[in-house]
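# Topology and contacts: notes
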Amino acid sequence: MRITVIGAGYVGLVTAACFSELGNEVMCVEKISSKLEKLRKGESPIYEPGLEEMLKKNISKGRIHFTDDIKEGVAFADVIFICVGTPQSETGKADLSQVEEASRQIAENMDRYKLVIEKSTVPVNTHQWVKRTIERYLKTDVDFDVASNPEFLREGSAIYDFMNPDRIVVGVETERAKQIFEELYKPFTEKGFPLIITNTAAAELIKHASNSFLAMKISYINMIADLCEKVGADVEEVADGMGYDKRIGRAFLNAGIGYGGSCFPKDVKAFIKIAEDNGVDFGLLRETEKINSERRVKFVERLEEIIWISKDKNIAVWGLAFKPNTDDIRETPALDIVKRLKEEGANLRLHDPKAEENFKQVVPEIENVIYVEDKYDALKEADVLLIITDWDEYKEADLDKMKELMRLPIVLDGRNIYDVEVMKEKGFEYYSIGRPEIKKC
Ligand code: UGA
């Protein structure tokens, strides 16, 4: 099939690359010229495992093309995915101006039937606005459909998630649109991946409802972690015990310093607003959000309980990205924590395998904020190590070497990556979330 993808951001680029990998011919429309230049050479502007290789391969096979000309993009295919950004506005509402612009441009360049698909995360019933916009700006009397096909890609494993979906959700209003999706997703349904077909409003809702539910699960287990600390239970044992119940499931019950990223914080906020606009008070999600933002504050308070004063202390920080396998620092807990410790006058040595360059743009290197390339360099003469992102390379670190390098062997682990017993044997003073502490004094 021929497919056009508007917007080469995270979602658009992964969608375009994966559809081309499946043998489709894809045209990706991107208006930022610096990005476009990179993409044409097969360079990915974001770090996502496997993406660059996939782009290079499909460019060389002539199956993926890039343009900044929307006219060319619209003419190229009858199936058009809108994958532009939907950032958060000041009110918490999604800013849909890029979706509106894309709809208008599609309409102005449409000369035959098109299936216009929202893939960006949008509030429920956005499809009605897309439809109305296209109707208004159409120059010729041609048929079109608007559909919703939300993405469920996790950063860091987006390619895997695209190719191995738990489900594919499509929201359609006509038989014609339904048939196009059935054809498009045939390589998946043939392998047994479920294709869920709903109306468009339900598909839009499924996306926000899913992300908000996962965020709620994380805040829930984080409150259980707080309780565990008070009563002497281990939150991992509690989560395992809960997770065996198939109705609950173990996934997303990892306690820690809370969720970040470009999706959960924004989507929970937007969903609260959508509910409010429709006269529904979603207090449950307001609480989810509140619990999450308090995690970062509590983490720093916990540090103060452990080391008393941060000023002039050598604090090593492992992990700046909002989660492993990405260089994305949007809404990362590391930002609030590092900024606060910097204000207090701590000497910070920061490490992240991929996100240092992005983090530096927000927290520039200065005398008492140093970025290191080797994670062990961060530990030299450190009074304490803070673990903020659960990268595998931290999980696999040499504990003896770590202890030897540090001035004091104190670790405050916001992601529960080490075994408490092992840390005890190695002689660390080890604090994690919702698990027994190993105190020295
Ligand atoms: C999330 C969803 O998982 C995807 O299904 C969705 O498509 C995507 O948002 C989106 O809307 O585009 P993502 O933000 O990439 O994906 O990352 P997740 O793996 O969901 O993690 C989100 C945050 O929750 C991270 O900060 C992670 O550290 C945290 N988390 C996750 C926990 O604190 N505990 C857990 O048990 C799981």
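### A short note on the overall build of the protein
The helix and strand tally for the protein stands at 18 helices and 14 strands. Computed over the C-alpha atoms, the radius of gyration of the protein is 24 Å, within 12% of the 22 Å expected from 2.2 N^0.38 for a compact globule of 441 residues. Sorting the 441 residues of the protein into buried and exposed places 53% on the buried side. By element, 49% of the accessible surface of the protein is carried by carbon and sulfur atoms, the whole surface being about 20,100 Å². Taken together, the 63 basic and 80 acidic charged side chains of the protein have centroids lying 1 Å from each other.

### Details of the environment of Phe-322
Mapped onto the elements, Phe-322 comes out in the loop between strand S9 (314-318) and helix H14 (333-343). Here Phe-322 falls in the buried class, since its relative accessible area comes to 11%. As a C-alpha pair, Phe-322 and Glu-289 span 33 residues in sequence and 16 Å in three-dimensional space. Leave out the neighbours within four places in its chain, and Phe-322 touches Glu-155, Gly-260, Gly-261, Asp-328, Arg-330, Thr-332 and Arg-415.

### Side note on the packing of helix H1 (residues 10-21) against helix H3 (residues 51-60)
Two elements in contact, H1 and H3, have axes whose closest approach is 9 Å; the angle formed by their N-to-C orientations is 50°. Compared by their axis directions, H1 and H3 come out oblique. The element H1 and its partner H3 pack so that their crossing is left-handed. Listed contacts from H3 to Leu-13, Val-14, Ala-17, Cys-18, Ser-20 and Glu-21 of H1 are Leu-51, Met-54, Leu-55, Lys-57 and Asn-58. The residue makeup of the contact of H1 with H3, split by class, is 7 nonpolar, 2 polar and 2 charged.

### Focus: the site of the ligand
In the vicinity of the ligand lie 20 residues, with Glu-151, Glu-155, Lys-207, Asn-211 and Lys-323 positioned nearest. At 3.5 Å from an oxygen atom of the ligand is found a main-chain nitrogen or oxygen belonging to Leu-253. Protein contacts shield 91% of the accessible area of the ligand, which totals 720 Å² for the unbound molecule. A total of 3 residues in the shell around the ligand trace back to one element, the largest contributor, which is helix H10 (residues 200-231). Split into classes, the residues belonging to the shell around the ligand amount to 9 nonpolar, 4 polar and 7 charged.

### Things to note about unusual backbone geometry
Backbone geometry at Asn-125 places phi at a positive 75°, although glycine is not the residue there. If you trace the backbone, Asn-125 turns up in the loop between strand S5 (114-118) and helix H6 (126-137). In this structure, Asn-325 is a non-glycine residue whose phi angle is positive, near 65°. Note on placement: Asn-325 falls in the loop between S9 and H14. Classification of Asn-325 by relative accessible area gives partly exposed; the value is 34%.

### Quick look at the sheet that holds strand S11 (residues 369-371)
On the basis of which strands lie adjacent, the open sheet formed by 6 strands has the order S11-S10-S9-S12-S13-S14 and parallel pairing. The open sheet has two edge strands, S11 and strand S14 (429-431), and neither has a second partner. On average, adjacent strands in this sheet sit at an angle of 20° to one another, irrespective of strand direction. Of the pairings in the sheet, the one linking strand S12 (residues 384-387) to strand S13 (residues 410-413) comprises 3 bridges and is parallel in character. The partner of Ile-387 across the bridge, within S13, is Asp-413. The strands touched by helix H13 (residues 283-307) within the sheet are S9, S12, S13 and S14, with S13 carrying the most contacts at an inclination of about 160°.

### Examining the pairing of strand S7 (residues 168-171)
On S7, burial covers both faces: Ile-168 and Val-170 on one face and Val-169 and Gly-171 on the other are all buried. Pairing of S7 with strand S8 (residues 195-198) involves 4 bridges; the strand directions are parallel. From the neighbouring strand, Ile-168 faces S8, where its bridge partner is Leu-195.

### Thoughts on the side chain of Lys-207
Within the secondary structure layout, Lys-207 lies in helix H10. Overall, Lys-207 belongs to the buried group, its relative accessible area being 4%. Once you skip the residues sitting within four places of it in the chain, Lys-207 turns out to touch Thr-121, Pro-150, Glu-151, Phe-152 and Asp-267.

### Structural notes on the nonpolar core
Ile-315, Trp-318, Phe-359, Leu-386, Met-402 and Tyr-418 are the most contacted members of the largest nonpolar core, which totals 63 residues. If we skip the residues at most four places from it in the chain, Leu-386 touches Phe-299, Leu-303, Ile-315, Ala-316, Val-317, Trp-318, Ile-337, Leu-341 and Leu-412. Counting 42 residues, the second largest nonpolar core, distinct from the first, contains Val-14, Ala-17, Met-163 and Val-170.

What counts and how
Residues numbered from 1 in each chain as written. Predicted model: local features only at pLDDT ≥ 70, side-chain atom pairs only at ≥ 80, totals over all residues. Heavy atoms only, no water. Helix = DSSP H or I, 4+ residues; strand = E, 2+ residues; numbered from the N terminus. Rg over C-alpha atoms; globule rule 2.2 N^0.38 Å. Buried < 20%, exposed > 50% of the residue type's maximum accessible area, 1.4 Å probe, protein only. Areas by Shrake-Rupley, 256 points an atom, 1.4 Å probe, with all protein chains shown as cover. Lys, Arg positive; Asp, Glu negative; His and termini not counted. Charge placed at Lys NZ, Arg CZ, Asp CG, Glu CD. Contact = heavy atoms within 4.5 Å. Axes fitted to C-alpha atoms, helices over the stretch in contact; angles between N-to-C directions. Parallel < 35°, antiparallel > 145°, perpendicular 65-115°, else oblique. Left-handed = near helix turned anticlockwise from the far one by under 90°. Nonpolar A, V, L, I, M, F, W, Y, C, P; charged D, E, K, R; others polar. Near = heavy atom within 4 Å. Polar contact = N/O pair within 3.5 Å; in protein donor to acceptor, adjacent residues only side chain to side chain. Pairing = 2+ DSSP bridges. Core = buried A, V, L, I, M, F, W, Y, C linked by side-chain atoms within 4.5 Å.

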